[in-house]
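# Breakdown of the fold
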Amino acid sequence: MPDMTAKTVVITGASRGIGAAAARVFVGAGANVVLLARDRDAIAELAGEIGPRALAVPCDVTRYWEVEAALGAGVAAFGGIDVLISNAGVIDPIADVDAADPEVWGQAIDINLKGVFHGAHAALPLMLQQGGGTLITVSSGAAVNPIEGWSAYCASKAGAKMFTACLHTEYGARGIRALGLSPGTVATDMQREIKKSGVNAISQLDWSVHIPPEWPAQALIWMCGAAADPWLGNDISLRDPEIRKAVGVGP
Ligand code: NAP
């Protein structure tokens, strides 16, 4: 595993689920963490639990100015930004295209796709100035598979996957490592919402098949090291047994 001592990691969507698990795991590996989400109480509580190596910054990733200010707060607190994990995401609307609320559909694109652009746009000048950095997008199998009722989610994740590839094309030679993590199904609130919907085969999965959020958290750390370099510009799948072995999780 890469040494994260004194590295600063910004995590969007850190109020629960994969983002909150990642915050705990990165701090355990020696990093400082900047926690971004809309639920200010949840990130404040998590930062309080972690201690002085965590900073909670309320932030809606759909608002560029809030993302820029949050990264500035991270630099002011810890001196730089080494890793940005664009993890904030929503599954709604779960509905066929004719029934989906256009406002909610657009909001999914704003969070899952534009939010990733906002993070990279704000982080790149800081990272380029310090000579490099890592931009990780939390992707999904939905980026490459059409799934019934999930047109906004699939389209936004496909866009974010391509955006991550573009980041690698534009900045790979300038010290920026851009790559994505496709975690498989994870036992978080998002899967609870999916189950409640009853739409498509994923909602019918038995809860026991979902992996714990600590597994993708562990994978995210591994992705900060050179062992993940062959995947730059691409998604790493945590369903892949070889990746699980390399990361040290699961069967
Ligand atoms: P989750 O428990 O529902 O957490 C989603 C996180 O995103 C929350 O912290 C939420 O915080 C944040 N978020 C949503 N809208 C935001 C906004 N506008 N601005 C800032 N933060 C926002 O879901 P999760 O499973 O941990 O999902 C994390 C990522 O993994 C997502 O990108 C998801 O697409 C991806 N993923 C999950 C699964 C799965 O099976 N769970 C599978 C593949 C990929 P606030 O509500 O406090 O803002």
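Below is a short write-up of the structure. (Residues numbered from 1 in each chain as written. Predicted model: local features only at pLDDT ≥ 70, side-chain atom pairs only at ≥ 80, totals over all residues. Heavy atoms only, no water.)

## Some details on the site of the ligand
The full set close to the ligand counts 30 residues, and Ser 15, Arg 38, Asn 87, Tyr 153 and Thr 188 are the nearest of them. Note that an oxygen atom of the ligand is positioned 2.6 Å from one of the side-chain N or O atoms of Tyr 153. Separating an oxygen atom of the ligand from a side-chain N or O atom of Thr 188 is a distance of 2.6 Å. In the complex, 97% of the free accessible area of the ligand, which totals 880 Å², lies under the protein chains. Broken down by secondary-structure element, the contributors of at least two residues to the shell around the ligand are helix H1 (17–28), helix H5 (151–171) and helix H6 (189–197). Counting residues per element, the shell around the ligand draws most heavily on H6, at three residues. For the shell around the ligand, the per-class residue count stands at 13 nonpolar, 11 polar and six charged. (Near = heavy atom within 4 Å. Polar contact = N/O pair within 3.5 Å; in protein donor to acceptor, adjacent residues only side chain to side chain. Areas by Shrake-Rupley, 256 points an atom, 1.4 Å probe, with all protein chains shown as cover. Helix = DSSP H or I, 4+ residues; strand = E, 2+ residues; numbered from the N terminus. Nonpolar A, V, L, I, M, F, W, Y, C, P; charged D, E, K, R; others polar.)

## Some remarks on the packing of aromatic side chains
Enumeration over the complete set of coordinates arrives at three aromatic pairs. Where Trp 150 meets Tyr 153, the ring centres are 5.5 Å apart and the plane angle is 85 degrees; that geometry is what we call edge-to-face. Each member of the pair, Trp 150 together with Tyr 153, is buried. (Phe/Tyr/Trp six-rings, centres within 6.5 Å; stacked < 30°, edge-to-face > 60°. Buried < 20%, exposed > 50% of the residue type's maximum accessible area, 1.4 Å probe, protein only.)

## A few points about the layout of surface pockets
Empty space within the largest pocket amounts to approximately 910 Å³. Around the largest pocket, the lining comprises 44 residues; the ones closest to its centre are Asn 87, Gly 89, Val 90, Tyr 153 and Met 190. Going through the elements one at a time, H1, strand S2 (32–37), H5 and H6 are the ones with two or more residues in the lining of the largest pocket. When residues of the lining of the largest pocket are assigned to their parent elements, the largest contribution, five residues, is made by H6. Classifying every residue of the lining of the largest pocket gives 19 nonpolar, 16 polar and nine charged. (1 Å grid on protein atoms, 1.4 Å probe; cavity = no way out; pocket = protein on both sides within 12 Å on 5 of 7 lines; lining within 4 Å. Points joined across faces, edges and corners; volume = space filled by probe spheres on them.)

## Here we look at the sheet that holds strand S7 (residues 235–237)
Judged by pairing direction, the sheet is parallel, and its seven strands sit side by side in the order S3-S2-S1-S4-S5-S6-S7 without closing on themselves. Each edge of the open sheet is held by one strand with a lone partner, namely strand S3 (54–58) and S7. For this sheet, the mean angle separating the axes of adjacent strands, direction not counted, is 20 degrees. Across three bridges, strand S1 (residues 8–12) lies against strand S4 (residues 83–86) in parallel orientation. In the sheet register, Ile 11 faces S4, and the bridge partner there is Ile 85. (Pairing = 2+ DSSP bridges. Axes fitted to C-alpha atoms, helices over the stretch in contact; angles between N-to-C directions.)

## Remarks on the nonpolar core
In summary, soluble globular proteins display a tendency toward joint burial of nonpolar side chains. By size, the foremost hydrophobic cluster in this structure holds 43 residues, and its most contacted members are Val 9, Phe 26, Val 33, Leu 35, Ile 85, Leu 220 and Met 223. Ranked by the residues each element gives to this core, the list is headed by H1, at eight residues. If sequence neighbours within four positions are ignored, Leu 220 has contacts with Ile 18, Ala 22, Phe 26, Ile 85, Ile 136, Val 138 and Leu 181. (Core = buried A, V, L, I, M, F, W, Y, C linked by side-chain atoms within 4.5 Å. Contact = heavy atoms within 4.5 Å.)

## Quick notes on the packing of helix H3 (residues 64–78) against helix H4 (residues 102–129)
H4 packs onto H3 with a crossing angle of 35 degrees between their chain directions and a minimal axis gap of 9 Å. For the crossing formed where H3 meets H4, the hand is right-handed. The residues of H4 that touch H3, namely those facing Tyr 64, Val 67, Glu 68, Leu 71 and Val 75, are His 118, Gly 119, His 121, Ala 122, Ala 123 and Leu 126. For the contact of H3 with H4, the per-class residue count stands at seven nonpolar, three polar and one charged. (Left-handed = near helix turned anticlockwise from the far one by under 90°.)

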